[in-house]
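Residue strings, one per chain:
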Amino acid sequence: MSHFAQYQDGVYADATNGDLPRLPYHHEALRDLAEKAMEPGPFGYVEGSAGRERTADANVAAFARYALRPRSLRPGAENAGDLGVTLFGERYPTPLLTAPVGVLEQVHGEAELAVARGANALGVPMVLSTAASTPMEEVAEAADTWWYQLYWPGDDALAESFVRRATAAGAKAIVVTADTKRLGWRPRDLALGHLPFLRSQGMANYFSDPEFRSRLKADPEPGGVFTEAVFHFLGAFASRSLSTDNIARIRDWTDLPVLVKGVVRGDEAIELVEAGVDGLVVSNHGGRQVDNAVAALDALPEVVEAVGDRAAVLFDSGVRSGADVAVAMALGARAVLLGRPWVYGLAVDGAAGVEHVLRAVLAELQITAELMGRDAADLDRDDVTRR
Ligand SMILES: Cc1cc2nc3c(=O)[nH]c(=O)nc-3n(C[C@H](O)[C@H](O)[C@H](O)COP(=O)(O)O)c2cc1C
Ligand SMILES: O=C(O)C(=O)c1ccccc1
């Protein structure tokens, strides 16, 4: 069984061959290592969430309220454990993607290039942030399969330019993030005075964009603090008038599948499906936007039910292990985006750290699916119950 070997093989061998020190396999242990490896500002930026961080805590806690129901002797399941999924007519070897994470230069010098290498080594597509530290055309050179995440700028000409560039560079889907018209209230960043944008970080896609540059009097200065380009970014970052209807304008700019990320309500999911989007990402941005918001996992069944088979529902926020991926898929997610865990892998060991984290999640998912008598894509509501 080739799928069996793909992710599990080597994990136990590597862990027992005496080549200490190895990276930990638990999210919390890796997070603690990353905290030691990172400056306080960047670590606080990644680890921090909105307000009292109740949404972020609730995202993780929600997984403990569900229980998987393994059917050990399921008839016909002797080859179970395949991880492949089909999304928008394309076959993907696993249901995992790396969530879009901006400003990676504050995490590791190789930033997105390391993520692309680590993820692609395992057949995991990367969702590239608009607020990346590397221009998308350079990431495209390093990545086999990637999707593009759009922060829809206030200026439609810039939105169009980003979408056309991503399409030309080979992105396989466009993910429009809807929950970040502005950044949430983030006390950790305020306490540390850490706002990477003010120092031109995370602006590679903007600074390399002809439309963005055409609005400036002077060329943007890499690393410039409070420059004209920085102020232009702050003004241009997000559209206040983005709506379920006008997202459909993106169809004039690309033939790629379009997803909307940051949906936690069935009514909004229906509006988006009626406006013609191909997919949704149920997500509350890892609790970084609205504190005291509903846990993303608790919103998943409502959105799945509202959408039915009219669009693909993906999920992120709070996924920390392969078993978590199995729960989200059993509740109807077709694929899952992993966020903070791989960022900490990147901080500690670059591309190898990203690969380590993804491999551990995939190995656990594969083992779990196999023990449940399921292929990942076949996990369903019968496989999960309230604890
Ligand atoms: C440091 C950091 C930066 C992020 N940047 C972006 C971004 O640029 N675009 C976006 O759509 N989401 C962004 N997100 C949200 C993630 O895509 C994802 O929704 C979130 O990390 C999921 O929560 P979790 O990491 O707790 O699982 C960011 C998250 C973090 C932690
Ligand atoms: O910090 C974030 O959560 C985020 O989404 C973001 C927004 C703008 C630039 C970089 C990251």
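The chain is annotated in an unreviewed UniProt entry as Alpha-hydroxy-acid oxidizing protein from Streptomonospora nanhaiensis. The chain has a UniProt comment under Sequence similarities (unreviewed entry) that states "Belongs to the FMN-dependent alpha-hydroxy acid dehydrogenase family." Turning to the chain, the UniProt record has this under Cofactor (unreviewed entry): "FMN".

Attention shifts here to the site of ligand 2. In the vicinity of ligand 2, the contacting residues are Tyr45, Val103, Ala131, Tyr151, Leu183, Arg186, Phe197, Phe237, His285 and Arg288. Separating an oxygen atom of ligand 2 from a side-chain N or O atom of tyrosine 45 is a distance of 2.4 Å. Between tyrosine 151 and ligand 2, the recorded distance is 2.4 Å, taken from a side-chain N or O atom to an oxygen atom. Within the complex, 94% of the 300 Å² of free accessible area of ligand 2 lies under protein. Of the residues contributing to the shell around ligand 2, the split by class is seven nonpolar, one polar and two charged.

Here we take up the site of ligand 1. With respect to spatial proximity, 22 residues lie near ligand 1, and among them Pro100, Ser129, Thr177, Arg320 and Arg340 are the closest. Between ligand 1 and threonine 177, the relevant distance is 2.7 Å, taken from an oxygen atom to a side-chain nitrogen or oxygen of the residue. In this structure, an oxygen atom belonging to ligand 1 sits 2.7 Å away from a side-chain N or O atom of arginine 320. Against a free-state accessible area of 600 Å², the protein chains account for coverage of 98% of ligand 1. The class makeup of the residues in the shell around ligand 1 is seven nonpolar, 10 polar and five charged.

This next bit is on the environment of asparagine 284. Inspection of the secondary structure puts asparagine 284 in the loop between strand 9 (279-282) and helix 14 (296-307). Spatially, the C-alpha atom of asparagine 284 lies 21 Å from that of glycine 202, the residues being 82 residues apart in sequence. In this view, asparagine 284 contacts Thr55, Asn59, Asp179, Val264, Gln289, Val294, Ala295, Ala296 and Ser317; residues no more than four positions away in its chain are not counted. Here the side chain of asparagine 284 touches asparagine 59 through a polar contact of 2.8 Å, side chain to side chain.

Our next topic: helix 5 (residues 54-64). All of the buried residues along helix 5 are Thr55, Ala56, Asn59, Ala62 and Phe63. The buried residues of helix 5 occupy one face: seen down the axis, they fall within an arc of 125 degrees. Buried positions along helix 5 lie against strand 1 (66-68), helix 14, strand 10 (312-315) and helix 15 (322-330).

So, about the packing of helix 13 (residues 266-274) against helix 14. One way to put it is that helix 13 packs onto helix 14 with a least axis distance of 8 Å and a crossing angle of 35 degrees. Note that helix 13 runs across helix 14; the crossing there is right-handed. Contacts between helix 13 and helix 14 involve Gly266, Ala269, Ile270 and Val273 from the former and Glu302, Val303, Ala306 and Val307 from the latter. Residues belonging to the contact of helix 13 with helix 14 are distributed by class as follows: six nonpolar, one polar and one charged.

Procedures and definitions
- Residues numbered from 1 in each chain as written.
- Chains lettered and ligands numbered in written order.
- Predicted model: local features only at pLDDT ≥ 70, side-chain atom pairs only at ≥ 80, totals over all residues.
- Heavy atoms only, no water.
- UniProt positions renumbered as here; feature names shortened; annotations may be inferred.
- Near = heavy atom within 4 Å.
- Polar contact = N/O pair within 3.5 Å; in protein donor to acceptor, adjacent residues only side chain to side chain.
- Areas by Shrake-Rupley, 256 points an atom, 1.4 Å probe, with all protein chains shown as cover.
- Nonpolar A, V, L, I, M, F, W, Y, C, P; charged D, E, K, R; others polar.
- Helix = DSSP H or I, 4+ residues; strand = E, 2+ residues; numbered from the N terminus.
- Contact = heavy atoms within 4.5 Å.
- Buried < 20%, exposed > 50% of the residue type's maximum accessible area, 1.4 Å probe, protein only.
- Arc of directions from axis to C-beta.
- Axes fitted to C-alpha atoms, helices over the stretch in contact; angles between N-to-C directions.
- Left-handed = near helix turned anticlockwise from the far one by under 90°.

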